[in-house]
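An overview of the molecular structure
Letter by letter, the chains look like this.
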Amino acid sequence: MKRIGFLVNPVAGMGGTVGLKGTDGLYDEAVKRGANPGSWRRALATMSRIHDCGFHFVTCSGPMGEDILVKAGIPGYDVVYRAPARSFSSDTRAACQGFLEAGVEMILFCGGDGTARDLFDVVLGKIPILGIPAGVKMYSSVFAVSPGAAADVMKSLSPACGVSPKRIPIRETEVVDVDEEAYRHGELKTRLYGFAKSPYLPGLVQSTKQVFEERDEERAKEAISRFLAEVVRGTPEILYILGPGTTTGSIAQQCGIKKTLLGFDAMKECRLVGTDLNEKDMLGLLDREEKVRLVVSIIGAQGSVLGRGTQQVSPAVLKRIGVDNIIIIATPHKLQETPVLFFDTGDPDLDGSFGDFVSVISGYRVAQRKPVARNRT
Amino acid sequence: MDLMKTKILLDEEEIPRRWYNIMADLPSPLDPPLHPQTGKPVVPDDLSAIFPMDLIRQEMSPERFIDIPEDVRDVLRLWRPSPLYRANRLEKFLKTPARIYYKYEGVSPPGSHKPNTAVAQAYYNMKEGKERIATETGAGQWGSALAFATQIFDLECTVYMVRSSYAQKPYRKSMMQVWGAECIPSPSTKTRSGRAVLEKDPETTGSLGIAISEAVEDAASHPNTNYSLGSVLNHVCIHQSITGLESREQMAQVDDYPDIVIGCVGGGSNFAGISFPFAGDKLTGKHPDVEIIGAEPASCPTLTRGLYTYDFGDVAGLTPLLKMFTLGHDFVPPSIHAGGLRYHGDSPIVSRLVHDGVIRAVSYHQSEVFDAGQIFARTEGIIIAPETSHAVRAAIDEAIKCRQTGEAKSILFNCSGHGHFDMSAYDAFYAGQLVDYEYPEQLIRDSLSRLPKIGQ
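Rules used throughout
- Residues numbered from 1 in each chain as written.
- Chains lettered and ligands numbered in written order.
- Predicted model: local features only at pLDDT ≥ 70, side-chain atom pairs only at ≥ 80, totals over all residues.
- Helix = DSSP H or I, 4+ residues; strand = E, 2+ residues; numbered from the N terminus.
- Rg over C-alpha atoms; globule rule 2.2 N^0.38 Å.
- Buried ≥ 20, exposed ≤ 12 C-beta atoms within 10 Å, placed from the backbone.
- Contact = placed C-beta atoms within 7 Å.
- Nonpolar A, V, L, I, M, F, W, Y, C, P; charged D, E, K, R; others polar.
- Domains from an automatic or database assignment.
- Pairing = 2+ DSSP bridges.
- Axes fitted to C-alpha atoms, helices over the stretch in contact; angles between N-to-C directions.
- Expected span 1.5 Å × (residues − 1).
- Parallel < 35°, antiparallel > 145°, perpendicular 65-115°, else oblique.
- Left-handed = near helix turned anticlockwise from the far one by under 90°.

1. Regarding the overall build of chain B
Per the secondary structure count, chain B includes 18 helices and 16 strands. For chain B, the C-alpha radius of gyration of 20 Å lies close to 23 Å, the compact-globule estimate for 456 residues. Projected onto its principal axes, the C-alpha coordinates of chain B cover approximately 55 × 50 × 45 Å. Within the span of chain B, comprising 456 residues, buried residues form 61% of the whole.

2. What about the overall build of chain A?
For chain A, the count of helices and strands is 14 helices and 16 strands. Here chain A has a C-alpha radius of gyration of 20 Å; the compact-globule value for 377 residues is 21 Å, and the two agree. Classification of the 377 residues of chain A by burial places 56% in the buried group. The contacts of chain A with a sequence gap of at least 6 include a subset with a gap of at least 24, amounting to 66%.

3. A word on the interface of chain B and chain A
Counting residues at the interface gives 17 residues for chain B, matched by 15 residues for chain A. If you tally residues by element for the side of chain B that touches chain A, the top one is helix H18 (residues 441-448) of chain B, at five residues. For the side of chain B that touches chain A, the per-class residue count stands at nine nonpolar, three polar and five charged.

4. A word on the domain arrangement of chain B
Residues and elements named next belong to chain B. Split into domains, chain B comes out as domain 1 (7-15 + 69-111 + 234-443) and domain 2 (25-61 + 114-228). When contributions to the side of domain 1 that touches domain 2 are tallied by element, the ones reaching two or more residues are helix H3 (70-76), helix H11 (234-253), helix H12 (269-283), strand E12 (307-312), strand E13 (321-326) and helix H14 (348-355). The greatest single-element share of the side of domain 1 that touches domain 2, amounting to eight residues, is contributed by H11. Taken together, the residues of the side of domain 1 that touches domain 2 break down into 24 nonpolar, 22 polar and six charged.

5. What to know about the sheet that holds strand E16 (residues 437-438) of chain B
One open sheet accounts for eight strands, arranged E10(A)-E9(A)-E8(A)-E11(A)-E13(A)-E15(A)-E16(A)-E16(B); its pairing is mixed. Strands at the two margins of the open sheet, each flanked by one partner only, are strand E10 (271-274) of chain A together with E16 of chain B. Relative to strand E11 (residues 291-297) of chain A, strand E8 (residues 238-242) of chain A runs parallel, the two sharing five bridges. Looking at the pairing, Leu242 of chain A lines up with Val295 of chain A of E11 of chain A. Lying on the sheet, helix H10 (residues 246-254) of chain A is in contact with E8, strand E9 (265-268), E11 and strand E13 (326-329) of chain A; it crosses E11 of chain A at an angle near 130 degrees.

6. Some thoughts on helix H6 (residues 141-152) of chain B
Residue and element names in this part refer to chain B. Relative to the 16 Å expected for twelve residues at 1.5 Å per residue, H6 spans 17 Å between its end C-alpha atoms, a close match to the ideal helical length. Burial analysis of H6 places ten of its twelve residues in the buried class, the great majority of the element. Regarding H6, the residues found buried are Gln141, Trp142, Gly143, Ser144, Ala145, Leu146, Ala147, Phe148, Ala149 and Thr150. If you follow the buried residues of H6, they end up packed against helix H5 (115-127), strand E6 (132-137), strand E7 (156-162), helix H8 (170-178), strand E8 (182-186) and strand E9 (225-228). Positive backbone phi, approximately 60 degrees, marks Asp154, located one or two places after H6.

7. Some thoughts on the packing of H5 of chain B against H11 of chain B
All names here are of chain B. Where H5 meets H11, the closest approach of the two axes is 8 Å, and the angle between their N-to-C directions is 130 degrees. In terms of axis orientation, H5 runs oblique to H11. Crossing of H5 over H11 shows right-handed handedness. Taken together, the residues of H11 that come into contact with H5 (itself represented by Asn116, Thr117 and Ala120) are Val236, His239, Gln240, Ile242 and Thr243. A breakdown of the residues in the contact of H5 with H11 according to their chemical character gives three nonpolar, five polar and no charged.

8. What to know about the domain arrangement of chain A
Residues and elements named next belong to chain A. One can read the domain layout of chain A as domain 1 (3-199) and domain 2 (215-371). Just the C-alpha atoms count here: the centres of domain 1 and domain 2 sit 28 Å apart. The partner domain 2 presents 15 residues to the 15 residues of domain 1 that form the contact. Classifying every residue of the side of domain 1 that touches domain 2 by side-chain character gives six nonpolar, seven polar and two charged.

9. A word on the environment of Leu350 of chain A
All names here are of chain A. By secondary structure assignment, the location of Leu350 is in helix H14 (residues 348-352). Taking the C-beta count within 10 Å as the criterion, Leu350 has 19 such neighbours and is therefore assigned partly exposed. In sequence terms Leu350 and Gly322 are 28 residues apart; their C-alpha atoms lie 9.8 Å from each other. Dropping the residues within four chain positions of it, Leu350 is found in contact with Pro315, Leu318, Lys319 and Thr345.

10. Overview of the sheet that holds strand E5 (residues 129-133) of chain A
Residues and elements named next belong to chain A. With respect to topology, five strands assemble into an open sheet ordered E3-E2-E1-E4-E5, the strand pairing being parallel. Strand pairing shows two members of the sheet lacking a second neighbour, strand E3 (77-81) and E5, which therefore form its edges. Taken over all neighbouring pairs, the strand axes of this sheet differ in orientation by 25 degrees on average, direction set aside. Both strand E4 (residues 106-111) and E5 contribute to a ladder of five bridges, which runs parallel. Looking at E5, one finds that Cys110 is bridged to Ile132. Packing of helix H5 (residues 89-101) onto the sheet brings it into contact with strand E1 (3-8), strand E2 (56-60), E3 and E4, and relative to E3 it is tilted by some 130 degrees.

11. Re the pairing of E11 of chain A
All names here are of chain A. Most of E11 is tucked away, with six of its seven residues classed as buried. Judged from the four bridges that link them, E11 and E13 form a sheet pairing that is parallel. Within E13, the residue paired with Leu294 across the bridge is Ile326.

12. Comments concerning the pairing of E13 of chain A
Residues and elements named next belong to chain A. Alternating residues of E13 divide into Ile326 and Ile328 and Ile327 and Ile329, and every residue in both groups is buried. The sheet contact formed by E13 and strand E15 (residues 357-363) spans two bridges and is parallel. What sits directly across from Ile328, in E15, is Val360.

13. Focus on the environment of Ser61 of chain A
Residue and element names in this part refer to chain A. Its place among the elements puts Ser61 in the loop between E2 and helix H4 (66-72). By C-beta crowding, Ser61 is classed as partly exposed, having 15 other C-beta atoms within 10 Å. Here the alpha-carbon distance between Ser61 and Asn325, two residues 264 residues apart in the chain, equals 44 Å. Discounting residues that sit within four places of it in the chain, Ser61 has contacts with Glu66, Val79, Arg82 and Ala83.

14. Here's the deal with helix H6 (residues 113-123) of chain A
Residue and element names in this part refer to chain A. Within H6, nine of the eleven residues are buried, which leaves the element mostly enclosed by the surrounding structure. Where H6 is concerned, the buried positions are Asp113, Gly114, Thr115, Ala116, Arg117, Asp118, Leu119, Phe120 and Val123. In the stretch just after H6, Leu124 is the one whose phi turns positive, near 50 degrees.

15. Regarding unusual backbone geometry
All names here are of chain B. Arg80 connects to Pro81 through a cis peptide bond whose omega is -5 degrees. Structurally, Pro81 is set in the loop between H3 and strand E4 (84-86). Along the chain, Ser186 connects to Pro187 via a cis peptide bond; the corresponding omega equals 5 degrees. Its identity as a non-glycine residue notwithstanding, Asp154 has a phi of 60 degrees, on the positive side. Structurally, Asp154 can be placed in the loop between H6 and E7.

16. A short note on the packing of H11 of chain B against H12 of chain B
Residue and element names in this part refer to chain B. The N-to-C vectors of H11 and H12 enclose an angle of 55 degrees; their axes lie 6 Å apart at closest approach. What the angle tells us is that H11 and H12 run oblique. The interaxial crossing formed by H11 with H12 has right-handed handedness. Residue-level contacts link Val236, Cys237, Gln240, Ser241, Ile242, Thr243, Gly244, Leu245, Ser247 and Arg248 of H11 to Ser269, Asn270, Ala272, Gly273, Ile274, Ser275, Phe276, Pro277 and Phe278 of H12. Grouping the constituent residues of the contact of H11 with H12 by class yields nine nonpolar, nine polar and one charged.

Right, here's the structure in full:
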């Protein structure tokens, strides 16, 4: 493949750092809360690694594409869509139409589930699409696990960059979207939006999130939460920040606390200290507390531990907490369906510090060792 | 040294006539077992409700050697002396200068080292006039060994088999049936201890600790019944010493002595068997440099992560308190395929030797253990039990170290049993379904920090 469409959603992910759990329709609120556009950095992380791979890019003007290509030092591109200063989903769709008319063989885009859905509206299954993850939620499986992994997938498509260019399987894969309104009210509703085509390399491209609902899941959650509630009670000097999810929710429940389903809540000695914390709140707590542990669950099948819907826990927060104080939890069934875990915190060095394997608490006093996808960012 | 020899054999008449008791060579006596109610050291009478007096005497014996009754030796002739193999093909595969030997205990009728003590225990119970023995079994090796031994001496046998193994290894249950024993999945509704566990968690996978509680309760509540334990206790280690004693003779035949002795460790019996005669040589200064390694699962890392303290041998707290490495008697290890190594505690003697630095311990994840089992099967031909594969893993690692350093060390390990009833575990390995369980040590310590201490 040589002729590639390239598109960036400049506002993708902005809602995440300020605890908005999405940016769709909330751009103004995100700006008001102090969010800055950050997707360009992730796009640049990919593009600067493939600048000499011989691709010919077809793109949009300004922050929707051209600015990144210039920064990455990529020569010889065509701008087929003039983007306005502030872009909307209609611009994404119009740009993709332009890409198709310009004869691209594939589209590389940077955004979240909303961006993937806009692309899919136009592209359907005509050509493959690949996402550089930069949104708040990325439950579709058209995304690479990290910007670096996206670069690796692209490299393997290029005779100029791949050591020996592989025939990458193009698979039909799910585009899903989360009902943002329900999500903000603590309910996770994903729906299948359609099947796109996407290049797939195991370990580099993520799987679709699965929500497991078996009876055994409830038993396993109970066992995990019983154990961790004992840990919390046994360490009254430690502040615990519990991440989103029903498994972390059941730890709070064991402690007699009601936790928000999708937010980060803090507790100490089984007393609630703060709910729905954003980055600033967490940094404030870290200033005050001697020792803090973070408890996060994995996203089933997809394998994300940090970096999908957890943008509040920024690299700055994670570094202050310390990798050794991060407790990862998941039920055995979820782990069985999730061959590899990955970290995509936005800081490649931090992602790498988790090592090749991590220990995941999977039952009462039981952990499992799980491999971590090689860090490519 | 005969480099080409594959099997090093002893004649039937060379079966040892005496067991070795390492307690005689410990620099100071073991901390005594404590009565679970009084907390005072147990006396023989405390144990007589469930054990025959001959075994109680052995349990407390300071004698270095104990005669093996001729009736027991006569049964042992069915498979003893077991062969010692030189692992020529494994050495070649590993490209190691090390000389690797393994004592193969899979030749016994039940397929493991377990009948070495099962026969002796059944004999002493028969001699005392008992009619029935109750016991527990993890992977089914011990249960089938005791079933085999009790039918020889015309005793009844009831085996409480850890539920996860009962489901994983149905043919072990069939073997017990062939030898006339009754096999019950544990926890069961037959005992108070079993019912208590089921009430708390009806879906529990069970554990050796729970099964021991059931068997002890069964024995204590039936006058014609004694209890029998397949590992952990001193008299079991004494009976198992026959493997190490034979191995030492067999290695002497080829003019060799091990630099490293390895066994897998659950309760410690096969490990004690292969290693204690050599540990004795180390303690008495005959071979001070011999290195002894116990290999255990990372999911149940008693020796590598446990605390050296008094704890119960079972979940319900019916057994005496033993000074040993323990993960806590209420710890239910994850359901690994090496079911025989799922025990929260360890032999007090093995524990003491680890604590004193005479022995060191290593731990492995399931997948690396099965990988070693596969290498062994593809080089030496024998498909071994997952428990045994822990010892093979350690032996391979030591042999690879020799390749790196160029040292031609002599490595001996106990190949404690075959894996013919573990094929579903191998299937899981090939399907990529093995789970690498771990023991979250720090969090467990945190969770226990506010609980009352036992035995202190």
